[in-house]
Amino acid sequence: MKPTVTVVVPVLNEEEHLEACLRSLRAQSFREYELIVVDNGSTDGSLAIAQRYADRVLHEARVGPDWARHRGFMEAQTELLASADADTIYPEDWLATLVRALARKGVVAVFGPLAFKESPRWRRELELAGYALLTWSMYPLGVPLAGASNFGCRKSAYLAVGGFPPIAHLANADFRLVKRLARVGRVLFLPGLRAYTSNRTFAQLGPWRVIPHTLRIWWDIAWEQNRVPAAHYLAVRQRNQE
């Protein structure tokens with residue numbers, strides 16, 4: 001059966017999380033898809049796990065999830081693209097919801113809320129609701145909270161705006177990409193397009209470090225200053241692990 005959509009998962013040393021992610025993607029109710037894993041130079045067991053589940057495993061030498069995601073998008077043979085992350089798990093209706101929304105007239109991209117998979121169920125619901133409220137509150141500033149863990153788009157639109165390469169050096173390139181996509185078509189936030197990601201970054205840095213850094217990035221995106229590099233986030237994270 002010819003695939004309708006391609007799911008792309010970038011991977012760099014994610015053996016702890018990857019199998020749960022790929023198993024959730026293989027359990028999707030929507031079956032007409034290709035699953036591509038793009039390895040970014042893993043030295044652990046990620047590659048072996050990917051080879052058990054993926055239809056194709058690609059390799060990207062340029063380090064960074066945006067470059068790996070771009071490689072997968074470019075290799076995709078479908079018009080519809082779905083972006084997933086190795087530390088995230090997906091409900092069985094995730095892909096069906098994403099494909100159905102992208103089929104709507106004029107829609108070029110969709111994204112949904114995230115909650116922490118480590119949280120108990122009741123807290124996940126609060127996290128999802130909080131994500132939705134924050135997303136709607138950011139509309140006036142033009143900052144789409146479209147994490148690459150839970151996002152889909154049309155390949156033609158992705159190519160039309162240049163994709164990740166022009167912005168891969170900047171922090172939160174996924175938000176920036178969706179802001180560009182909104183210039184060529186409709187972008188929908190779907191509260192029902194849920195996904196559950198790891199809380200490890202938040203847990204490592206803590207809210208008092210995450211929040212100021214996040215606000216700085218959002219300001220940079222809102223006013224299109226393009227000054228906060230991706231390396232800044234990595235440096236902040238590294239300093240607080242030492």
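These figures come from a predicted structure and were not determined experimentally. (Residues numbered from 1 in each chain as written. Predicted model: local features only at pLDDT ≥ 70, side-chain atom pairs only at ≥ 80, totals over all residues. Heavy atoms only, no water.)

## Considerations on the packing of helix 7 (residues 173-181) against helix 9 (residues 207-222)
Where helix 7 meets helix 9, the closest approach of the two axes is 11 Å, and the angle between their N-to-C directions is 25 degrees. Classified by the angle between their axes, helix 7 and helix 9 sit roughly parallel to one another. You can see that helix 7 and helix 9 cross each other, and the crossing is right-handed. Between helix 7 and helix 9, the contacting residues are F175, R176 and K179 on the first element and I217, W218, D220, I221 and A222 on the second. When the residues that make up the contact of helix 7 with helix 9 are grouped by side-chain class, the tally is five nonpolar, no polar and three charged. (Axes fitted to C-alpha atoms, helices over the stretch in contact; angles between N-to-C directions. Helix = DSSP H or I, 4+ residues; strand = E, 2+ residues; numbered from the N terminus. Parallel < 35°, antiparallel > 145°, perpendicular 65-115°, else oblique. Left-handed = near helix turned anticlockwise from the far one by under 90°. Contact = heavy atoms within 4.5 Å. Nonpolar A, V, L, I, M, F, W, Y, C, P; charged D, E, K, R; others polar.)

## Quick notes on the sheet that holds strand 3 (residues 56-59)
In spatial order, the strands read 3-2-1-4-8-6-9; together these seven strands make up an open sheet with mixed pairing. Only two strands of the sheet have a single neighbouring strand rather than two, namely strand 3 and strand 9 (186-189). Between one strand and the next, the sheet's axes are offset by a mean angle of 20 degrees, whatever the strand orientation. Alignment of strand 2 (residues 33-39) against strand 3, held across four bridges, turns out to be parallel. Bridging from a neighbouring strand, D39 pairs with H59 of strand 3. Taken strand by strand, helix 4 (residues 94-102) contacts strand 1 (5-11), strand 2, strand 4 (80-83), strand 6 (107-111) and strand 8 (151-154), and its axis lies near 140 degrees from that of strand 4. (Pairing = 2+ DSSP bridges.)

## Considering the nonpolar core
Counting residues in each nonpolar core, the largest one holds 72 residues, and the members touching the most others are V7, V9, L22, L25 and W94. The dominant element in this core, judged by the number of residues it contributes, is helix 4, at seven residues. The residues touching V9, leaving out its near neighbours within four places in the chain, are L18, C21, L22, L25, L35, I36, V37, V38, A84, D85 and A86. (Core = buried A, V, L, I, M, F, W, Y, C linked by side-chain atoms within 4.5 Å. Buried < 20%, exposed > 50% of the residue type's maximum accessible area, 1.4 Å probe, protein only.)

## Here we look at the confidence of the model for the chain
Confidence in the prediction of the chain, expressed as mean pLDDT, is 93, and 95% of residues score 70 or more. Residue range residues 232-242 is modelled with pLDDT below 50. Its contacts to residues more than four positions away, or to other chains, number 13 contacts. (pLDDT = per-residue confidence, 0-100.)

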